[in-house]
There are 2 protein chains.
Amino acid sequence: MTVMHTRPRAFSMMENTMNERPFAQAINRLREVDLRPTRQRLALAKLLFEGGCDRHVTAETLHEEAQRSGARVSLATVYNTLHQFTDAGLLREIMVDSGKTYFDTNIHDHHHFLCERSGELTDIPAHMVTVAELPQAPDGRRISRVDIVIRICDQ
Amino acid sequence: MTVMHTRPRAFSMMENTMNERPFAQAINRLREVDLRPTRQRLALAKLLFEGGCDRHVTAETLHEEAQRSGARVSLATVYNTLHQFTDAGLLREIMVDSGKTYFDTNIHDHHHFLCERSGELTDIPAHMVTVAELPQAPDGRRISRVDIVIRICDQ
DNA sequence: TGCATTTCTAGAGTTATTCTAATTTAGCCT
DNA sequence: AGGCTAAATTAGAATAACTCTAGAAATGCA
Ligand SMILES: [Mn+2]
Ligand SMILES: [Mn+2]
Ligand SMILES: [Zn+2]
Ligand SMILES: [Zn+2]
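Quantities reported herein were computed from a predicted structural model and do not represent experimental measurements. Along each chain, numbering runs from 1 in the same order as the chain's sequence is written. Starting at A for chains and at 1 for ligands, labels are handed out in the order in which the entities are written. Side-chain atom pairs in this predicted model are given and counted only at pLDDT of 80 or more, local residue features only at pLDDT of at least 70, and totals for whole chains, interfaces and linings cover all residues. Calculation of side-chain values draws on the structure's entire complement of heavy atoms; hydrogens and water are dropped beforehand.

**Details of empty space enclosed by the protein**
We apply this condition: The pocket and cavity definitions rest on a 1 Å grid over protein atoms only: a 1.4 Å probe that fits but cannot leave marks a cavity, an open set with protein on both sides within 12 Å along at least five of seven lines marks a pocket, and residues lining either have an atom within 4 Å of a point. Grid points are joined across faces, edges and corners, and a volume is the space filled by probe spheres set on the points. For the purposes of this entry, the term helix denotes a DSSP run of H or I that reaches at least four residues, the term strand denotes a run of E that reaches at least two, and both are numbered from the N terminus. Residues are grouped as follows: nonpolar covers Ala, Val, Leu, Ile, Met, Phe, Trp, Tyr, Cys and Pro; charged covers Asp, Glu, Lys and Arg; every other residue, Gly included, is treated as polar.
The full count for this structure, using the stated rule, is one cavity of 30 Å³ or more. Each pocket or cavity is described by its volume, and for the largest cavity that value is around 50 Å³. Lining the largest cavity we find Met95(A), Val96(A), Asp97(A), Gly99(A), Lys100(A), Met95(B), Val96(B), Asp97(B), Gly99(B) and Lys100(B). Of the residues forming the lining of the largest cavity, the biggest block, three residues, is contributed by strand β2 (residues 92–97) of chain A. Within the lining of the largest cavity, the residues separate by chemical class into four nonpolar, two polar and four charged.

Structure below.
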C-alpha cells in the first residue's frame, strides 16, 4: 500500500551527539515551523523524542511525565504543544477508542495493533501489511491516508 | 355537544410484533438477549433499521431524529439502547475521530471511507479491499478484527 | 390483579478537552 | 542592557460527550 506522505522528516533528539549543544536540533526544528523554542516546548520535546523509541502518549500521560521530571508545564500548554507539534508534522494524532486522543511520535507510514484489554497501541511497520487492492476515492476526492488497526484479544 | 372519550389505546406488544414486520427480526433478536421490546427500544430500532440503508449515528443525532419523529425518548435511554443493541450484535461501535462514538447499522465485515472535511463515514464492502499480508498477533493473542479507515480529502 | 423486576428518565457527576483573559516570556530594536 | 510588542503560558471556567443515580413507570409473570 502506498499513501503519499509529504511530511517533514522525523525529529529525533538521538541525532544529537552527546557533546553538541543540548537542544540545538530541537531549537532549529521548532524555528523551522515558526514555534519559539520555549522552556516548556523544549522540555516536552525532550520527553517525547529523546530515547528514540516510538511512543503513544495522551496529554494527560505526558503532563504527568513532565511533572515527574520536574518540568513545570501546565496541562493547557501540553495540549497546545501536542497540537502544534502535530500541525508541524512532528507528531501524528490517533483516535482509536474511549474518547482519548493519542499522539504518536512515529510519523512514518505505519499501522497499529490495538490491545482490546488494555487499549495499548503498538506499531506495525508499513512493510508488514500488504494491501493488494483498494477502492477508488469518490469523485473529486483523493485518499490522504489509510489507517489499519488490528485489534487483538486474548487466546 | 359531544365529548369524545377516546381512551388512548393500550399499547399491545403482540400487535406490534405481528404487524410491524420490519421489526420482527429485531424483536426476536432482542428477546434472544433478554431485552424487552419496549416502546422506546422499538422506536429507536425503527429509526435505525427501517429503510435498510446502512447508517452511522451518534447518540446525539439519533436522539434528535427520535424527537423530530415524535418519539419521546430521553438521551440516557438512547445511550443505553445503543449500547444494548451493540452488545446484542445489532450494531457495531466505531470510534474514528473527534471524541464522538458512532454506531454502525452495518454489522457485516466492511471498512470505511472517512471524509476529513465533514467527518462523514461511508461503507466499503469487505470484498473491495484485499489485504494480502498481515503480521502475526503477539504471543498468546489473536486478531479479533482488522479495521481499515481510508481517509479522503479534497482534490 | 398483584408484585417483582426491568426499564426509563431528569438531572447530577465525570472526563477529556477547549476557551478566556490575565500574566509572563521571547525576540527584536534601539 | 533596557524597552517594546507579539507570542506563549497559565489557572480556572466552560464545554462536550458521555455515565451514573435513584426514583418513577412499564413490563411480564403467577
Ligand atoms: Mn504508532
Ligand atoms: Mn459502516
Ligand atoms: Zn496489551
Ligand atoms: Zn464527506
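**A closer look at unusual backbone geometry**
The residue Asp34(A) is not glycine, and still its phi comes out positive at about 60 degrees. Residue position: Asp34(A) is located in the loop between α1 (24–32) and α2 (39–49). The phi angle at Gln155(B) is positive, at roughly 85 degrees, despite the residue not being glycine. Relative to the assigned elements, Gln155(B) resides in the segment after β7 (141–154).

**So, the pairing of β2(A)**
Residue and element names in this part refer to chain A. Filter applied, for reference: Any two strands between which DSSP finds at least two bridges are classified as paired.
The pairing of β2 with strand β3 (residues 100–104) spans five bridges and is classified as antiparallel. Bridging across to β3, Glu-93 finds its partner in Phe-103. Between β2 and β3, which pair antiparallel one after the other, the connecting turn spans two residues, and Ser-98 there sits at a positive phi close to 55 degrees.

Read these as layout, nothing more, since geometry by itself doesn't imply function.
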